[in-house]
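# A closer look at the structure
Chain by chain, the residues:
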Amino acid sequence: MVYRCFCLLGLLLPWLALGARDVPPPYDPAGRVALLGQVLSRHSEYELVIVDDFQGEMPYSPRANSTDLSVVRTIQRSPTDDAFSQEESLRGDPSGEPSCLWLHTSFDLPGQQSYWLRPRDPVRLQGRLILVSLWVHSGSWPHTLTLLFENAAGREVRVPLGRLDFHGWRRLEAYLPETLWQRGPIERPYVHHFTGFLIESSPRAEAGAVSLLFDNLLVLSDHSQGRYPGAEVPDNWP
């Protein structure tokens, strides 16, 4: 247990050390993006992975939901925050028109219903996954958003991003749990997958429709332990 704690501390130390130097306020997207840029510039083993920028054709579909209303498509819209532009420069020049994912659903029994949205094919992510961020546009909904992953051992990992009780665009960020840093079987030691979104309705909400926008789903990955012969070859793991 002690050895494991030291390993995890070593993995996060560059990020935590930079953060301790000048800790941003509770919500400071520009500060967090600037901090991310420092980490990437100082540590070549870290990579900012685009899980989805919602510009291409990656179909999503609802799964096992308790509500019938489900409209999912991309629309030409994106955050206008300066922090979003800074983040775009970190991930390289995007191609095509700015777009995001629009989700429109409803909860008739708030507190008892959930909405699952999954990509047709899980998104392959290589390395030790450290941090995830996502831009979300909400209408002050009290519902909660969770990101779904499958770790290298094939187990589901849920990463809560919190309540959607804000209005307009907001950059949500979360450190990823230990289970997304650990190695898996020898044939894919550091290969994880993003498997979707989960929205859980709040019992404090009124029944009715909910609209959300998603943009720039990114993961900070440490590739220092993830480079191995054949790693560049996509796997067909179920």
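Every value quoted in this text rests on a predicted model; they were computed, and no experiment measured them.

To continue, consider unusual backbone geometry. One non-glycine residue, F54, lies in the positive phi region at around 60°. For F54, the position within the fold is in the loop between β1 (46-52) and β2 (60-62). For F54, a relative accessible area of 1% puts it in the buried group. At S140, a residue that is not glycine, the phi angle is positive and equals roughly 65°. Within the secondary structure layout, S140 lies in the loop between β7 (128-139) and β8 (144-150).

Attention now goes to the nonpolar core. Of all hydrophobic cores here, the largest spans 36 residues; its most connected members are L134, L145, L147, F149, F194 and F197. No other element matches strand β12 (residues 208-222), which puts five residues into this core. Look past the residues within four positions of L134 in its chain and what remains in contact with it is F54, L145, L147, L161, R170, R171, L172, F197, F214, D215, N216 and L217.

With five of its six residues buried, strand β5 (residues 114-119) lies for the most part within the structure. The pairing of β2 with β5 spans three bridges and is antiparallel. Along β5, the bridge assignment pairs P62 with L117. Note that β5 and strand β11 (residues 191-200) share four bridges and pair antiparallel. Within β11, the residue paired with S114 across the bridge is E200.

Reading the values: the criteria
Residues numbered from 1 in each chain as written. Predicted model: local features only at pLDDT ≥ 70, side-chain atom pairs only at ≥ 80, totals over all residues. Heavy atoms only, no water. Helix = DSSP H or I, 4+ residues; strand = E, 2+ residues; numbered from the N terminus. Buried < 20%, exposed > 50% of the residue type's maximum accessible area, 1.4 Å probe, protein only. Core = buried A, V, L, I, M, F, W, Y, C linked by side-chain atoms within 4.5 Å. Contact = heavy atoms within 4.5 Å. Pairing = 2+ DSSP bridges.

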